[in-house]
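Coordinate analysis (summary)
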Amino acid sequence: MKFTSVVFLAALTTANAFSPSISNARSSTSLNVVLNKQTGQSALDPNVIAKYDALPFPDDVIMAEYVWVDGEGNTRSKTRTLTPDKAESVDKLPKWNFDGSSTGQAPGDDSEVILRPQRIFKDPFRARSDGISNILVMCDTYTPSGDPLPTNTRAVAAAAFEGRDDEEIWFGMEQEFTLFNLDERTPLGWPQGGMPSRPQGPYYCSVGPENSFGRHITDAHYKACLYAGINISGTNGEVMPGQQEYQVGPCVGIEAGDQLMMSRYILQRVCEDFQVYCTLHPKPITEGDWNGAGMHTNVSTKEMREEGGLEIIRKAIYKLGAKHEEHMAVYGTGNELRLTGLHETASIDNFCFGVANRGASIRIGRDTEAEGKGYFEDRRPASNCDPYVVSGKIMSTIMEDVEVPVIAPMDKEEA
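Note that the coordinates shown come from a computational prediction; the quantities given were computed from them, not determined experimentally.

1. Brief notes about the pattern of salt bridges
Two side chains with opposite charge may pair up if their charged atoms get near one another. Under the criterion given, the structure shown has 16 salt bridges. Of the charged contacts in the structure, one is a salt bridge between glutamate 65 and arginine 126, with a shortest N-O distance of 2.8 Å. Here glutamate 65 is found in strand 3 (residues 62–69), whereas its partner arginine 126 is found in the loop between strand 6 (112–122) and strand 7 (135–142), with 61 residues between them in sequence. The class for glutamate 65 is buried, based on a relative accessible area of 5%. A relative accessible area of 11% means that arginine 126 is categorised as buried. Across the pair aspartate 130 and arginine 128 runs a salt bridge whose closest N-O atoms are separated by 2.9 Å. Among the charged side chains, a salt-bridge network with shared partners connects Lys323, Glu326, Lys393 and Glu400.

2. Things to note about helix 10 (residues 387–398)
Given a rise of 1.5 Å per residue, 12 residues ought to cover 16 Å, and the 17 Å separating the end C-alpha atoms of helix 10 matches this to within 8%. For helix 10, the tally of buried residues reaches nine of 12 residues, placing the bulk of the element in the interior. For helix 10, the full list of buried residues reads Pro387, Tyr388, Val390, Ser391, Gly392, Ile394, Met395, Thr397 and Ile398. One side-chain oxygen of the residue at the start of helix 10 lies 2.8 Å from the amide nitrogen of tyrosine 388, identifying that residue as aspartate 386.

3. Considering the side chain of glutamine 259
On the secondary structure map, glutamine 259 appears in helix 5 (residues 255–274). Owing to a relative accessible area of 3%, glutamine 259 belongs among the buried residues under this scheme. Within the local environment of glutamine 259, its side chain forms a polar contact with the backbone nitrogen of asparagine 231, the two atoms lying 2.6 Å apart. When near neighbours in sequence (up to four residues on either side) are disregarded, glutamine 259 contacts Phe121, Gly229, Ile230, Asn231, Val248 and Cys251.

4. Structural notes on the packing of helix 3 (residues 153–161) against helix 10
Relative placement of two packed helices is described by the angle separating their axes and the distance separating the axes. Contact geometry of helix 3 with helix 10 gives a least axis separation of 8 Å together with a crossing angle of 25 degrees. The angle between helix 3 and helix 10 places the two elements in the roughly parallel class. Both helix 3 and helix 10 take part in a crossing whose hand is left-handed. Seen from helix 3, the contacting residues are Thr153, Arg154, Ala157, Ala160 and Phe161; seen from helix 10, they are Tyr388, Val389, Ser391, Gly392, Met395 and Ser396. Class assignment of the residues belonging to the contact of helix 3 with helix 10 gives a composition of six nonpolar, four polar and one charged.

Cut-offs used in this document
Residues numbered from 1 in each chain as written. Predicted model: local features only at pLDDT ≥ 70, side-chain atom pairs only at ≥ 80, totals over all residues. Heavy atoms only, no water. Salt bridge = Lys/Arg side-chain N within 4 Å of Asp/Glu carboxyl O. Helix = DSSP H or I, 4+ residues; strand = E, 2+ residues; numbered from the N terminus. Buried < 20%, exposed > 50% of the residue type's maximum accessible area, 1.4 Å probe, protein only. Expected span 1.5 Å × (residues − 1). Polar contact = N/O pair within 3.5 Å; in protein donor to acceptor, adjacent residues only side chain to side chain. Contact = heavy atoms within 4.5 Å. Axes fitted to C-alpha atoms, helices over the stretch in contact; angles between N-to-C directions. Parallel < 35°, antiparallel > 145°, perpendicular 65-115°, else oblique. Left-handed = near helix turned anticlockwise from the far one by under 90°. Nonpolar A, V, L, I, M, F, W, Y, C, P; charged D, E, K, R; others polar.

Written out as structure tokens, the structure is:
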């Protein structure tokens, strides 16, 4: 796992990530790193890891990491050995099973849950140099009789997209998250037990050790996603110190949920290597004047990208406004702490839209307005939302053949 050792070495230079101390260096080629007690580790030596990284893989097998979403919306995974030909297509991959009683998805007396492979990615944590790739496999979950589990939101979303290929709906998802020390109380760059001496502002898209915290982590995650085949399109530091964002897309239909969910899995694996805690909570810091975290979702159908598309966008927004409460009910937990009407949000209780208005529920970009076609941005989803639920719900709502009231746009001052 060459990636793992490189990531760990990079973590040693990250300011305030986990405060390692060096002791008893044996030679220039041997490093003994004793981490503080917060990490729950006694010692990690990259040279020990490198010894196992150097072991060659047999050319007649691959390692396949099956990834799924558990009963709480978090990712889980386990590994199996397969022959390389199984990775040629998702249809060739075997189903698998796991103990659903340990993931909140089945009772103990009938605990078997079936994993059904849905999408293949290259494994960035087990890279190999023989032209063969180990793989990550995004799966969804079923009963032994073949019914989707109640927690299988992918199956619901897939039904919303079924038969709608001609719409060519694109999603671009902006995943915000916050990095903490392993005490789970102190964001990166914050003094322990206190708050930064400066208000938010200088940390957004920032550079410099006094402003940017976690760049090694976001760069490692970016490269790992690119290697895996995820359509990651960018990353940046966010408004609150320790808060970061990356973007996935454009992706078509159900693929958006698959790619975003796998990108979250990769993020947690990278943070595991760095020994840093990552949370998707939409408002991890409730005291003080700090932004929350969202998963703004950009949407565009084929008609929206053609001449006259702006009118199609407006009609879609009216439909979303008519079902505002339904959407808010499924757009993530704790969102009421974030959507207050402050910190670049609209109130959770009121729906509005506007051009270039980041204080609105839905934003139309200046370029879209100028060109008369393009996309819109739903700014309501929380950072911990389910991307399958969000994309499927948006699809269902905007495709309804219903008449809804026209909503007047709100300019920057009114929203």
